[in-house]
Amino acid sequence: MRPPQELDTVDWTSCHHAYGAATDVPESIRALYADDADRAERAVRLLFNKVLNRDSVYPATVAAVPFLAHAAVHAVHERASALAFLAGAGGPGPQPQAGLEEEGYAQVTAEVPGLLHLLADDDPKVRLGAVRVARCATGQSFPAALRELTARYEADPVAEVRVDALAVLTRLDPDQQAAGRRLHDALTDRLPAVRAAASLALLERTHPPYPPDLVAVLAEAVATADGDLTVDQAAPRHLAERHRRQIRRRSPFTPRLFPGIGDTDSRLTDIAEQDADAAAAVAGGFVTRGDVDGRGSRRAHELSVTWRDRENDTLALLTAALPHQHTPFDRSHLLYSIACWTPFATQPQPGLADHLLRQELCDNSETANRAQLALGRLGDERLLTAVPDPCAEAVAALAARTRHRDHQRLALQRPAYLGFDDFLATLAPDDVHALLPDLKAVLHRMNPAEPDRPELELVRLFGDWGVQDPELFGLLDEAARSGHDELAATAAVSAARLGADPEPALRVLKQAMAADDASYHCIEEAGRLGPAAAPLLPLIEPYHGHWDEWARLRGAEADWRITQDPARAVAALTGLVELPAHVTSGYAYTTSVRAVEVLARIGTTPDALRRRVEHWATSPRRVIRPDDFFDPVHEQRCLDEALREAALHLLPR
């Protein structure tokens, strides 16, 4: 330890922290000894912001350790904060990394003997900080540390102190069999927080699938601890009252970083990512106890983000959590999750629609639109009676789910910008013929100079549906002569696919593909034209070696559709598939998934992909997790679902 009088003996100008030279560190440390509590608090914020920024260790961090050890014992204010600094000075991980983290850890280890008496301090925050510092005990201080930690675990009146003492004992105890017995004994402790800590530690010692009895203890205890006061109710009354005044109301299982151990939230997430049943149980425990801070509903959402075919469980948990949302933000966030997974659920929760109808559905807010969308995706017709003017996306979702003729007509009256493609994909030939006047009305209302995405998709689908109608041919001819390149190409190709002269389509596509700013859409349309587009093959050839993977994808697919020879396309598409076993950034692998989809349409499984195809088709975990670029509220089929569907088509039958 070094007192503040020795601060000037250190060359702080040669040390640095996150923001440069550490010349401001001495003043911050001296402030801890002042009578002004506000000044001391500001000093602590500066130390954590600059000297231990984002849990990083700097030369100034190492230099400050002996001074903060002295402050932890002798300062007037923020002794617990000084201990928290020391606990993190060796880095956040279970083992310090070579370099500054090792130096910081060694400095803290040297100070441990002079800090162990703080494990019996009157201030519970100081005891908690001392427990965390004690994880660095070694050498002669090690036996004393084990004794004091054992005493804290067995008798401390504050649950947080007991929980952290158990964690450190589990890590330090040289007799790991004894540590295991201690954890098993803790499964029946009177405090839920201790039971939760013990079950979590035991689960981390085993492998998935996890023992259901341990998971059950964790789910019950962690949820109960989440709402408990941190003072042991069995403690003597005078001690309990004093500690209530000294600590704030916080569960031992609220997210907080424990250097060397990790934060409990992340540890729970690690368990959930290894076992779907454990993930569902823990989420259910939090929801049952009121979904505090959304910790249950968030885990319910993550259940289906991580695992396939768990949407029914996710929706059941989200339905149970809905009554616990008390702010517009919380409700909107939960309704987002419900709208995400409703299309994938095979057995939606029976009471979900009733819960949705209790929301504010008519205020034209994002929350209302999400509730409407979820109702539409459930196929609940009360959407149309409860909401005078439902949003277009919700009506399109309702029509896609029910396939009721009146709902389909409503969807066509006001095409949704998002979700309309999914609705159109549900139309069977009988639907198209019955709805032909309504479908043509969409084209009549279209602005040829600025067509919307739904209108472009409808023009494309007319070429696939094979509808023979004179008025439709006139509408497509008019669109093909518009000044909008994408609309003109799509309309001309659709007309040719319906039997019109392909020459106008070839002319439009040739002109578009020869332009300097040619879009990949024209390559796709050339492929839709099929063998009639053979004269365009020389213009498609450069795209096989294009620098952009999307261009190569479109070029390969167009080559196959035009030549009817899959050999070259299969080789190119195989080269575009770069999916590892599991990825967390789905957007980066969109091209790979689309390449697999084209291979499925061709019906060829390359030898190089056979083992991966089987994995993509059968993995219980999502191969591609949705990321920030994927908005499942507006896209019903996430990349992972598309990958699995394509892989199932490629499996040998």
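Just so it is clear, the model here is predicted, and its values are computed rather than measured.

Assigned secondary structure in the chain consists of 36 helices and two strands. Its C-alpha atoms put the chain at 95 × 55 × 50 Å along the principal axes. Looking at the chain as a whole, 55% of its 653 residues qualify as buried. Of the contacts formed within the chain by residues at least 6 apart in sequence, a portion of 65% connects residues at least 24 apart. Just so you have it, the chain exposes about 28900 Å², and 49% of that area is on carbon and sulfur atoms. Counting 70 positive and 95 negative side-chain charges, the chain places the averaged centre of each group 5 Å from the other.

A separate point is the packing of aromatic side chains. A complete count under the given rule lists six aromatic pairs for this structure. Relative to Trp465, the ring of Phe462 lies with its centre 5.5 Å away and its plane at 85 degrees, an arrangement referred to as edge-to-face. You can see Phe462 and its partner Trp465 sitting in helix α26 (residues 453-465), three residues apart, about one turn around the helix. Consider the rings of Tyr520 and Tyr543, whose centres lie 6.5 Å apart with planes at 85 degrees: the pair is edge-to-face. Taken together, the residues span a long stretch of sequence, with Tyr520 in helix α30 (residues 520-529) and Tyr543 in the loop between α31 (537-540) and α32 (549-563) at a distance of 23 residues. Take Tyr543: its relative accessible area is 9%, and that puts it in the buried class. In this arrangement the basic side chain of Arg132 is found over the ring face of Phe258, its NZ or CZ atom lying 4.3 Å from the centre.

A few words now on helix α4 (residues 79-88). Where burial is concerned, most of α4 is hidden: nine out of the ten residues are buried. Considered for burial, the residues of α4 that qualify are Arg79, Ala80, Ser81, Ala82, Leu83, Phe85, Leu86, Ala87 and Gly88. Of the surrounding elements, those touching the buried residues of α4 are α2 (37-51), α3 (59-74), α5 (100-111) and α6 (124-133).

Right, let's get into the environment of Glu524. Relative to the assigned elements, Glu524 resides in helix α30. Taking the C-alpha atoms as reference, Glu524 lies 61 Å from Arg132; in sequence the two are 392 residues apart.

A separate point is the packing of helix α25 (residues 436-445) against helix α27 (residues 470-480). Between α25 and α27, whose axes approach to 11 Å, the crossing angle comes to 25 degrees. Taken as axis vectors, α25 and α27 run roughly parallel relative to one another. The crossing of α25 and α27 is left-handed. Packed against α25, whose contacting residues are Lys440, Leu443 and His444, the element α27 presents Glu471, Leu472 and Leu475 at the interface. Of the residues in the contact of α25 with α27, the class split is three nonpolar, one polar and two charged.

As a further point, take the environment of Ser56. Relative to the assigned elements, Ser56 resides in the loop between α2 and α3. Of the residues examined, Ser56 reaches a relative accessible area of 30% and is grouped as partly exposed. The sequence separation of Ser56 and Ala89 amounts to 33 residues, and the corresponding C-alpha distance is 8.2 Å. When sequence neighbours within four positions are dropped, the list of residues in contact with Ser56 reads Val51 and Thr61.

This next bit is on the state of the cysteines. Covalent bonding between the sulfur atoms of two cysteines is what defines a disulfide. Taken as a whole and judged by the stated rule, the model has zero disulfides. Left without a disulfide partner, Cys340 is nearest to the cysteine sulfur of Cys638, which lies 9.8 Å away. A relative accessible area of 0% places Cys340 in the buried class.

This paragraph deals with the environment of Ala595. Looking at the element boundaries, Ala595 is found in helix α34 (residues 590-602). Here the alpha-carbon distance between Ala595 and Trp341, two residues 254 residues apart in the chain, equals 25 Å.

Before going further, it helps to spend a moment on unusual backbone geometry. A cis amide bond, omega 0 degrees, links Pro208 with the succeeding residue Pro209. Assignment of secondary structure puts Pro209 in the loop between α10 (192-204) and α11 (212-225). Positioned with a positive phi, Asp291 is a non-glycine residue whose angle comes to about 50 degrees. For Asp291, a relative accessible area of 3% corresponds to the buried category. For Arg403, which is not glycine, the phi dihedral falls at a positive 55 degrees.

What follows concerns the nonpolar core. Membership of the largest hydrophobic core comes to 87 residues, with the highest contact counts inside it found for Leu68 and Leu83. Ignoring any residue separated from it by four or fewer positions in sequence, one finds Leu68 in contact with Ile29, Leu32, Leu47, Ala82, Phe85 and Leu86.

The N-to-C vectors of helix α13 (residues 264-272) and helix α15 (residues 295-306) enclose an angle of 35 degrees; their axes lie 12 Å apart at closest approach. Handedness of the crossing formed by α13 with α15: right-handed. Residue-level contacts link Asp265, Leu268 and Thr269 of α13 to Arg295, Arg298 and Arg299 of α15. Class assignment for the residues of the contact of α13 with α15 results in one nonpolar, one polar and four charged.

This next bit is on α15. Given a rise of 1.5 Å per residue, twelve residues ought to cover 16 Å, and the 16 Å separating the end C-alpha atoms of α15 matches this to within 8%. Of all twelve residues in α15, ten are buried; the element is thus mostly enclosed. Residues of α15 that are buried include every one of Arg295, Gly296, Ser297, Arg299, Ala300, His301, Leu303, Ser304, Val305 and Thr306, and no others. The inward-facing, buried residues of α15 abut α13, α14 (276-288), α16 (311-321) and α17 (328-341).

Attention now moves to the side chain of Ser199. As for its position among the elements, Ser199 is in helix α10. With residues near it in sequence (within four places) discarded, Ser199 still touches Leu187, Leu214, Val217 and Leu218.

Here is what the cut-offs are and how they apply
- Counting restarts for each chain: residues are numbered from 1 in the order of the written sequence.
- With pLDDT at 70 or above as the cut-off, local features in this predicted model cover only qualifying residues; side-chain atom pairs require 80 or more to be listed or tallied, and sums for whole chains, interfaces and linings still use all residues.
- Just so you know, side-chain values use all the structure's heavy atoms and leave hydrogens and water out.
- Counting from the N terminus, the helices are the DSSP runs of H or I reaching at least four residues and the strands are the DSSP runs of E reaching at least two.
- Residue burial is assigned from relative accessible area. The probe radius is 1.4 Å, only protein chains are included, and a residue is buried under 20% of its type maximum, exposed over 50%, and partly exposed in between.
- Any two residues having at least one pair of non-hydrogen atoms within 4.5 Å are treated as being in contact.
- Shrake-Rupley sampling with a 1.4 Å probe provides the accessible areas, and residues are treated as covered by the protein chains on show and by no other component.
- Positive residues here are Lys and Arg, negative ones are Asp and Glu, while His and the chain termini are left out of the count.
- To locate a charge, take atom NZ for lysine, CZ for arginine, CG for aspartate or CD for glutamate.
- Stacked, tilted and edge-to-face are the three classes applied to pairs of Phe, Tyr and Trp rings, where Trp contributes its six-membered ring and a pair requires centres within 6.5 Å; stacked means planes under 30 degrees apart, edge-to-face means over 60, and tilted covers the rest.
- Think of it as a cone above the ring: NZ of Lys or CZ of Arg counts as a charge over the ring if it is within 6 Å of the ring centre and within 35 degrees of the ring normal.
- Lines fitted to C-alpha atoms define the axes here, with helix axes fitted over just the stretch in contact, and angles between the N-to-C directions of these axes take values from 0 to 180 degrees.
- Angular relationships are summarised with four words: roughly parallel below 35 degrees, roughly antiparallel beyond 145, roughly perpendicular across 65 to 115, and oblique for the angles in between.
- A crossing counts as left-handed when the near helix is turned anticlockwise from the far one by less than a right angle, and as right-handed when that turn is clockwise.
- Note on residue classes: Ala, Val, Leu, Ile, Met, Phe, Trp, Tyr, Cys and Pro are nonpolar, Asp, Glu, Lys and Arg are charged, and everything else, Gly too, is polar.
- By definition, disulfides here are pairs of cysteine sulfur atoms that lie within 2.5 Å.
- We call a set of buried Ala, Val, Leu, Ile, Met, Phe, Trp, Tyr and Cys residues a nonpolar core when their side-chain atoms join them within 4.5 Å.
- What a helix is expected to span follows from its residue count: subtract one and scale by 1.5 Å.

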